[in-house]
Every structure is written in structure tokens, then in C-alpha cells.
Amino acid sequence: MPLRSGVEHEVTLVIASDVPEAVAERLADLTDLAGYRLLAPQTHAIRDVHFDTPDRALEARDLALRLREIDGQRWISVKGPARPLPGGGVARPEFERPWSPEAVVAALDELARAGVTLPAVGPAPAGLGAREGMLAAGLEVIQDRETRRVVRAVVTEKGEPSLAQLAVDAVVFHLRGVDVRHHEVEIEAASEAGREVLPLLAGTLLRQFGPALRVGLQSKLAIGRALECLLRQGVLWGVLDRRGNLTPAGYDRLVACGPIPHNRG
């Protein structure tokens with residue numbers, strides 16, 4: 001898919017623990033990793049809403065259309081299919097712009113090049129926000145989630161520029177009638193050199209945190225779809241703890257809903 005903004009390279013590790021908040025706090029408090037320094041943390045509040053057509057044309061092509069609000073600023077993104085990277089992690093094409101009517105048109109052009117023709121959203125009618133404007137164009141919300149993200153820049157002992165970003169995410173999926181909490185850590189390359197150290201950084205975390213971290217699950221979008229499957233099956237409540245966190249056994253159950261798409265977002 002010829003998305004023009006670039007390609008993300010990242011590794012995601014799921015926190016599968018009976019005390020995920022405690023594991024996440026330990027991860028966020030790290031000051032060094034695999035011989036690299038972690039700079040002071042920055043915390044962000046994120047709201048992600050994913051859209052698709054009524055016939056799920058984007059899902060069929062492993063594409064994602066996302067409206068993101070981060071610390072009050074809105075962005076629109078189109079993400080293409082992910083491909084595995086040697087040594088672990090994935091790379092995926094991505095188009096992302098600050099939200100504006102012009103950015104929406106450009107995002108739809110990217111989808112059209114991938115074979116998906118959507119309505120021309122354009123300026124939202126007076127009084128409608130970005131989300132409402134997408135709905136007015138005939139799109140549907142397929143996922144709504146909130147994330148509290150703690151980000152640490154990964155640098156050499158000499159400092160900048162950063163090699164990668166380590167993000168510890170506390171996610172709340174807003175499903176029908178229930179909120180489900182999920183925790184993960186993402187390591188995203190910030191440079192060509194950062195791409196080369198991704199396997200080292202991820203491997204070091206796996207050794208340090210043992211079975212509390214897992215590799216192999218896919219994106220937040222895909223996890224949310226699998227959670228919807230468990231909800232339809234009537235078994236979701238049995239794999240949540242009293243705080244609404246998905247339990248280690250719950251992550252095992254996600255695969256029962258069939259193959260999870262590789263698109264990330």
C-alpha cells in the first residue's frame with residue numbers, strides 16, 4: 001500500500017499478569033535498558049476511534065482508518081498491513097496528519113489508492129465534530145478506546161538523538177456495556193539505528209520481566225475485535241478480574257476467536 005508518510009517499525013509486548021498495573025509501573029520506572037539510557041517520562045492521554053464502511057471494506061483489506069485525539073489535538077491516520085521484521089516486531093505503512101478537512105480528503109485518497117473508495121467526508125456540517133462528521137458520511141465506529149501512555153526516549157550514553165521510544169500503555173476498550181482494561185509496552189524505532197536495536201531492547205525486557213510479558217498478540221485494534229468476539233460468545237466476564245483487567249487466561253482465550261488481523265493501530 002503506497003502510504004506516503006513513512007513506515008513504522010515497532011515491537012509490542014503484552015503485559016499478561018495477575019497484577020498488570022504493578023508490572024506497568026515497574027516498566028515505566030526503568031531508567032536504563034540493554035545498556036541504553038531512558039530519559040524522563042512523558043505522559044499522554046489518547047482517545048482512538050476506528051471507522052469502517054458498513055460492509056467492512058477496510059477490514060477485508062487489512063487497513064485501518066483512525067481518528068486520534070492526543071492531549072487535545074486531533075489526528076487522522078490510515079494504516080496499512082503489517083509485515084514481520086527479522087528478529088521480531090513489525091513494519092507497517094502509515095499516513096498520519098493533524099485533523100482538518102484537507103487531511104481527511106488526503107486520507108481518503110490514500111484509501112482509494114489501496115482500492116477502497118469512501119464517501120468524500122469534507123467539512124463537517126455546522127455544529128458537528130470530527131467524529132460526527134465521519135459518521136454523517138456513512139462510516140461506522142468499529143472501536144472506541146482510551147489510552148494512558150507513559151513514554152520514555154531510549155538514547156545512548158551520549159544522549160540525543162533518540163534511538164527509540166518505549167511506551168507503556170494502559171488501555172480501556174469501550175465495548176457494549178463493559179469496559180475492558182489491557183496493558184502493553186511498545187518499543188518503536190525513532191531512527192535507522194533504532195530499528196537495529198529493537199530485538200535487543202525487546203529481548204532484554206522479556207528476560208527481565210519473565211512470563212509477565214508476552215510476544216505474539218497483534219494490535220490494539222485486533223485485540224478489541226477479539227474482545228468483541230468473547231463478548232458475543234458470553235464468556236468475556238469470566239476472563240476479567242474485578243478491576244476489569246484481562247487476565248492471563250483471558251489472553252489465551254483471544255485465540256479462540258480465530259485469526260487476529262495483522263493491522264496495527
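Provided above is the structure to which this section pertains.
Residues numbered from 1 in each chain as written. Predicted model: local features only at pLDDT ≥ 70, side-chain atom pairs only at ≥ 80, totals over all residues. Heavy atoms only, no water.

Enquirer: How should helix 3 (residues 101-113) be read in this particular structure?
Expert: Residues separated by three or four positions in an α-helix point in the same direction, a consequence of the helix having 3.6 residues per turn. Between its first and last C-alpha atoms helix 3 spans 19 Å; for 13 residues at 1.5 Å apiece the expected length is 18 Å, and the two agree. Every buried residue of helix 3 is listed here: Ala 103, Val 104, Ala 107, Leu 108, Glu 110 and Leu 111. Here the buried residues of helix 3 occupy an arc of 150 degrees about the axis, which is enough to place them on one side. Against the buried residues of helix 3 lie helix 2 (57-60), strand 5 (64-70), strand 6 (73-79) and strand 8 (90-98). (Helix = DSSP H or I, 4+ residues; strand = E, 2+ residues; numbered from the N terminus. Expected span 1.5 Å × (residues − 1). Buried < 20%, exposed > 50% of the residue type's maximum accessible area, 1.4 Å probe, protein only. Arc of directions from axis to C-beta. Contact = heavy atoms within 4.5 Å.)

Enquirer: Just to check I follow, could you spell out the nonpolar core for this structure?
Expert: For soluble globular proteins, the rule of thumb is that nonpolar side chains tend to be buried together. By size, the foremost hydrophobic cluster in this structure holds 28 residues, and its most contacted members are Leu 27, Val 185, Leu 201, Leu 205 and Leu 213. Put simply, the parts of the chain that give this core at least two residues each are strand 1 (7-15), helix 1 (20-28), strand 3 (36-38), strand 9 (140-156), strand 10 (159-175), strand 11 (178-189) and helix 5 (192-209). No other element matches helix 5, which puts 6 residues into this core. Contacts of Leu 213, omitting those with residues within four sequence positions, involve Leu 13, Val 14, Ile 15, Leu 27, Val 185, Leu 205 and Leu 206. Core analysis: the next-biggest nonpolar cluster, separate from the first, contains 20 residues, Val 49, Leu 63, Ile 76 and Leu 111 among them. (Core = buried A, V, L, I, M, F, W, Y, C linked by side-chain atoms within 4.5 Å.)

Enquirer: Please clarify how the environment of Leu 118 should be interpreted in this entry.
Expert: By the secondary structure assignment, Leu 118 is in the loop between helix 3 and helix 4 (130-136). Classification of Leu 118 as buried rests on a relative accessible area of 12%. Taking C-alpha positions, Leu 118 is 8.7 Å from Gly 138, a pair spaced 20 residues apart along the chain. Those residues in contact with Leu 118, other than ones at most four positions away along the chain, are Thr 53, Leu 58, Leu 65, Leu 108, Leu 111 and Leu 139.

Enquirer: Can you walk me through the pairing of strand 1 in this structure?
Expert: A regular strand places its side chains so that they alternate between the two faces of the sheet. For strand 1, the tally of buried residues reaches 8 of 9 residues, placing the bulk of the element in the interior. Pairing of strand 1 with strand 8, which is carried by 4 bridges, proceeds in the antiparallel orientation. Looking across to strand 8, one finds that Glu 10 is bridged to Val 90. In the sheet, strand 1 pairs with strand 11 via 5 bridges, with the strands oriented antiparallel. Paired with Glu 10 across the bridge in strand 11 is Glu 188. As paired elements, strand 1 and strand 12 (residues 213-214) share 2 bridges and run antiparallel to each other. Across the sheet, Ile 15 pairs through a bridge with Leu 213, a residue of strand 12. (Pairing = 2+ DSSP bridges.)

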